[in-house]
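Residue-level structural notes
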Amino acid sequence: MKKIISKHTLVLIGLLTLIILSNYEAQAQSEFVVIANADVPLESIDKNMLKRVYNGFTTQWKNSTKIKPCYIQIKNDAFWKYIGTTNANFQKFWTKRVFSGNGVSPVEHKSSEDLIKYVNEIPGAIGILSTEDQKLIGANSKVLTLAN
């Protein structure tokens, strides 16, 4: 005997799925912040732009400043999950691009302090930082809001 699922049940399942996914994304976002040099002409950045910046497909800000992305390994890989990859896949992607002459990979820093110093000093720099370290950013940096 076949059971028929009502339209109401399907709508409810769809809504619950959306709620679960939006909560997951909000939790991932709360584990990291995006910081930028004060000269970067943005106050917010969306997921697609962040992917394009970190994959090297967007290389200049709208004020023509060259984008200088950097990162450190984020606890629980929240940033990588947010942009839909893993640190290992990101490294493989950039190894291929660099050796084929198709770009310069984002700078990896060993500590939050090094990343913040880089973002403070380098025009066009953008970095990924754990939320607990955002209190360390300097006067020449800003936190970008994550837009959906």
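The text that follows walks through the structure, step by step, so that each part is easy to find. Quick caveat: nothing in here was measured; it's all calculated off a predicted structure.

As a further point, take unusual backbone geometry. A positive phi is found at Ser64, a non-glycine position, where the angle reads about 75°. Assignment of secondary structure puts Ser64 in the loop between helix 2 (47–54) and strand 3 (68–71).

Buried residues dominate strand 5 (residues 125–130), accounting for six of its six residues. Across the two faces of strand 5 the burial is the same, with Ala125, Gly127 and Leu129 and Ile126, Ile128 and Ser130 all buried. In this sheet, strand 5 lies alongside strand 3 in parallel orientation, the contact comprising three bridges. Following the sheet pairing, Cys70 is matched in strand 5 by Gly127.

Of note, His109 is situated in the loop between strand 4 (107–108) and helix 5 (112–121). Judged by relative accessible area, His109 falls into the buried class, the value being 12%. Here His109 is in contact with Cys70, Tyr71, Ile72, Asp114, Leu115 and Tyr118, once residues within four sequence places are set aside.

Here we take up the sheet that holds strand 4. An order of 2-6-1-5-3-4 is seen for the six strands of this open sheet, with the pairing classed as mixed. The outermost strands of the open sheet, each flanked by one partner alone, are strand 2 (44–46) and strand 4. Across five bridges, the pairing between strand 1 (residues 32–37) and strand 5 is antiparallel. Following the sheet pairing, Ile35 is matched in strand 5 by Gly127. Against the sheet, helix 2 contacts strand 1, strand 2, strand 3, strand 5 and strand 6 (141–147), and its axis sits at roughly 85° relative to strand 2.

Moving on to the packing of aromatic side chains. The relation between two aromatic rings is expressed through the spacing of the ring centres and the mutual angle of the planes. Throughout the structure, instances matching the rule amount to nine aromatic pairs. An angle of 80° between the planes, with centres 5.5 Å apart, marks the rings of Phe32 and Phe79 as edge-to-face. Placement of Phe32 in strand 1 and of Phe79 in helix 3 (residues 78–83) is noted, with a sequence separation of 47 residues between them. Both residues of the pair, Phe32 and Phe79, count as buried. Put simply, the rings of Phe32, Tyr54, Tyr71, Phe79, Trp80, Tyr82 and Phe90 touch in pairs and so form one group of aromatic residues.

Formed by 23 residues in total, the largest nonpolar core has its most connected members in Val34, Leu50, Tyr54 and Ile126. Put simply, the parts of the chain that give this core at least two residues each are strand 1, helix 2, helix 3, helix 4 (87–99), strand 5 and strand 6. Tallying contributions element by element places helix 3 first for this core, with five residues. With sequence-adjacent residues up to four places away left out, Val34 is seen in contact with Ile45, Leu50, Ile126, Gly127, Ile128, Lys142, Val143, Leu144 and Leu146.

What counts and how
- Residues numbered from 1 in each chain as written.
- Predicted model: local features only at pLDDT ≥ 70, side-chain atom pairs only at ≥ 80, totals over all residues.
- Heavy atoms only, no water.
- Helix = DSSP H or I, 4+ residues; strand = E, 2+ residues; numbered from the N terminus.
- Buried < 20%, exposed > 50% of the residue type's maximum accessible area, 1.4 Å probe, protein only.
- Pairing = 2+ DSSP bridges.
- Contact = heavy atoms within 4.5 Å.
- Axes fitted to C-alpha atoms, helices over the stretch in contact; angles between N-to-C directions.
- Phe/Tyr/Trp six-rings, centres within 6.5 Å; stacked < 30°, edge-to-face > 60°.
- Core = buried A, V, L, I, M, F, W, Y, C linked by side-chain atoms within 4.5 Å.

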